[in-house]
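Summary of structural features
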Amino acid sequence: MEAILLAGGQAERLGDAAQGRPKPLVPVGGRPLAAYALARFARAGVGRVIIACAEGAGALFERELAGIGPEIVAVEEPEPLGRGGALRFAAQALREEGPVFAMNGDELLDVDLGLLMKRHRERQPAATLTLVPLRSQFGVVDLDDDDVVTGFREAPQLPHWVNAGLYVLGEEAIEQLPERGDHETTTFPLLAARRRLLGYRHLGTWLTVNTPKELRLAEEFVGSHPDWLSA
């Protein structure tokens, strides 16, 4: 199997914490952030990962991510194409037919990729999205009908689902990717309107790294889960 890792992010919101590196190469627990995704891909039987990165960054990604397991093939965008455009451009380097994993390079997820792919193959949608529950960033106050406060809940789970940035893409979905722009505002709504998009609910770990605070939380998490590079 093959996978595509979106790695064009420049870590602007991380500031000095990025150490001048592309976001997927920012150190987390002493290893590049993307190393954790690659280790999970390897355990799922992925032998080749295409890294969709910015122009001039290919050699750095191939060097920093070598030796984790899968073959690393960096595909440099000739110019910024947006996430959907980057996926479409990188997909030209695929060698195998059939569905492929695609993932944002700034996520930490403990999804069982084997089960994700199994669900996709069973249902045969154009694409399957990994979804996680939305949690409130604020504490919630519970009231009764008379406005009496009955309790408090810290960052409760809300009745909504969030796209976690991990997909299985079939050939139909890849053909619908834009040459420029974001697949989440073009391809996915189109496939949803055709009822060709499937959701895979994940109740486990999901951490995304965009800010220094999120980077600190990711550091704390992998520090307490040293097995993640072999997960």
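Since this is a predicted model, take the numbers as computed values, not measurements. (Residues numbered from 1 in each chain as written. Predicted model: local features only at pLDDT ≥ 70, side-chain atom pairs only at ≥ 80, totals over all residues. Heavy atoms only, no water.)

1. A look at the overall build of the chain
Along the chain, the regular secondary structure elements total seven helices and 13 strands. Relative to the compact-globule value of 17 Å for 231 residues, the chain shows a C-alpha radius of gyration of 18 Å, a close match. Taken along the three principal axes of its C-alpha coordinates, the chain extends 65 × 45 × 30 Å. A buried classification covers 46% of the 231 residues belonging to the chain. Restricting to contacts in the chain with at least 6 residues of sequence separation, those with at least 24 account for 68%. When the accessible surface of the chain is totalled, it reaches about 11800 Å², and 48% of it is carbon and sulfur. (Helix = DSSP H or I, 4+ residues; strand = E, 2+ residues; numbered from the N terminus. Rg over C-alpha atoms; globule rule 2.2 N^0.38 Å. Buried < 20%, exposed > 50% of the residue type's maximum accessible area, 1.4 Å probe, protein only. Contact = heavy atoms within 4.5 Å. Areas by Shrake-Rupley, 256 points an atom, 1.4 Å probe, with all protein chains shown as cover.)

2. Brief notes about unusual backbone geometry
Unlike most non-glycine residues, Gln124 shows phi in positive territory, near 60°. The backbone phi angle of Ala155 is positive, close to 45°, even though this residue is not glycine. Its location among the elements puts Ala155 in the loop between strand 10 (149-153) and strand 11 (157-169).

3. Describing the sheet that holds strand 5 (residues 71-76)
In a beta sheet, neighbouring strands are held together by backbone hydrogen bonds and run either parallel or antiparallel to one another. Read across the open sheet, the seven strands follow the order 5-4-1-6-11-8-12; overall the sheet is mixed. Only two strands of the sheet have a single neighbouring strand rather than two, namely strand 5 and strand 12 (197-201). With strand direction ignored, the average angle separating the axes of adjacent strands in the sheet is 30°. In the sheet, strand 8 (residues 127-135) pairs with strand 12 via five bridges, with the strands oriented parallel. Its bridge partner being in strand 12, Leu129 is matched across the sheet by Gly199. Contacting strand 1 (2-6), strand 4 (48-53), strand 5 and strand 6 (100-104), helix 1 (residues 33-43) runs over the sheet at an angle of about 165° to strand 1. (Pairing = 2+ DSSP bridges. Axes fitted to C-alpha atoms, helices over the stretch in contact; angles between N-to-C directions.)

4. Side note on a negative patch on the surface
Taken together, the side chains of Glu96, Glu97, Glu171 and Glu175 define an acidic patch exposed on the protein surface. Looking at the secondary structure, you find Glu97 in the loop between helix 3 (82-91) and strand 6. A relative accessible area of 73% places Glu97 in the exposed class. (Patch = residues over 30% accessible without salt bridge, like charges linked within 9 Å, V, L, I, M, F, W, Y side chains within 5 Å. Salt bridge = Lys/Arg side-chain N within 4 Å of Asp/Glu carboxyl O. Lys, Arg positive; Asp, Glu negative; His and termini not counted. Charge placed at Lys NZ, Arg CZ, Asp CG, Glu CD.)

5. A closer look at the nonpolar core
Counting 32 residues, the largest nonpolar core has Phe41, Val49, Ile51, Leu65 and Phe101 as the members making the most contacts within it. Mapped onto this core, the elements with two or more residues apiece are strand 1, helix 1, strand 4, strand 5, strand 6, helix 4 (113-123) and strand 11. When residues of this core are assigned to their parent elements, the largest contribution, six residues, is made by helix 1. When near neighbours in sequence (up to four residues on either side) are disregarded, Phe41 contacts Ala3, Leu5, Val46, Val49, Phe101, Met103 and Leu113. (Core = buried A, V, L, I, M, F, W, Y, C linked by side-chain atoms within 4.5 Å.)

6. Comments concerning empty space enclosed by the protein
By the definition in use, this model includes one cavity of 30 Å³ or more. In this model, the largest cavity occupies a volume close to 80 Å³. As for the largest cavity, its lining consists of Tyr36, Ala37, Arg40, Phe41, Met103, Glu107, Leu108, Leu109, Leu113, Leu166 and Trp228. For the lining of the largest cavity, the secondary structure elements donating two or more residues are helix 1 and strand 7 (107-109). (1 Å grid on protein atoms, 1.4 Å probe; cavity = no way out; pocket = protein on both sides within 12 Å on 5 of 7 lines; lining within 4 Å. Points joined across faces, edges and corners; volume = space filled by probe spheres on them.)

7. So, the pattern of salt bridges
Scanning all chains against the criterion turns up 10 salt bridges. When the shortest N-O distance is used, the salt bridge between Asp142 and Arg153 registers 2.8 Å. Here Arg153 lies in strand 10 and Asp142 lies in strand 9 (residues 140-143), a separation of 11 residues in the sequence. Residue classification places Asp142 among the partly exposed positions, given a relative accessible area of 23%. In this structure, Arg196 and Glu172 form a salt bridge, with 2.8 Å as the shortest nitrogen-oxygen distance. Taken together, the positions of Arg196 in the loop between helix 6 (187-193) and strand 12 and Glu172 in helix 5 (residues 171-175) put the pair 24 residues apart, joining distant regions of the chain. Taking relative accessible area as the criterion, Arg196 reaches 26% and is therefore assigned partly exposed. Relative accessible area serves as the criterion here: at 28%, Glu172 is assigned to the partly exposed category. Three or more residues joined by partner-sharing salt bridges are found here, namely Glu2, Arg48 and Glu71.

That's the geometry; what it means functionally is another story.
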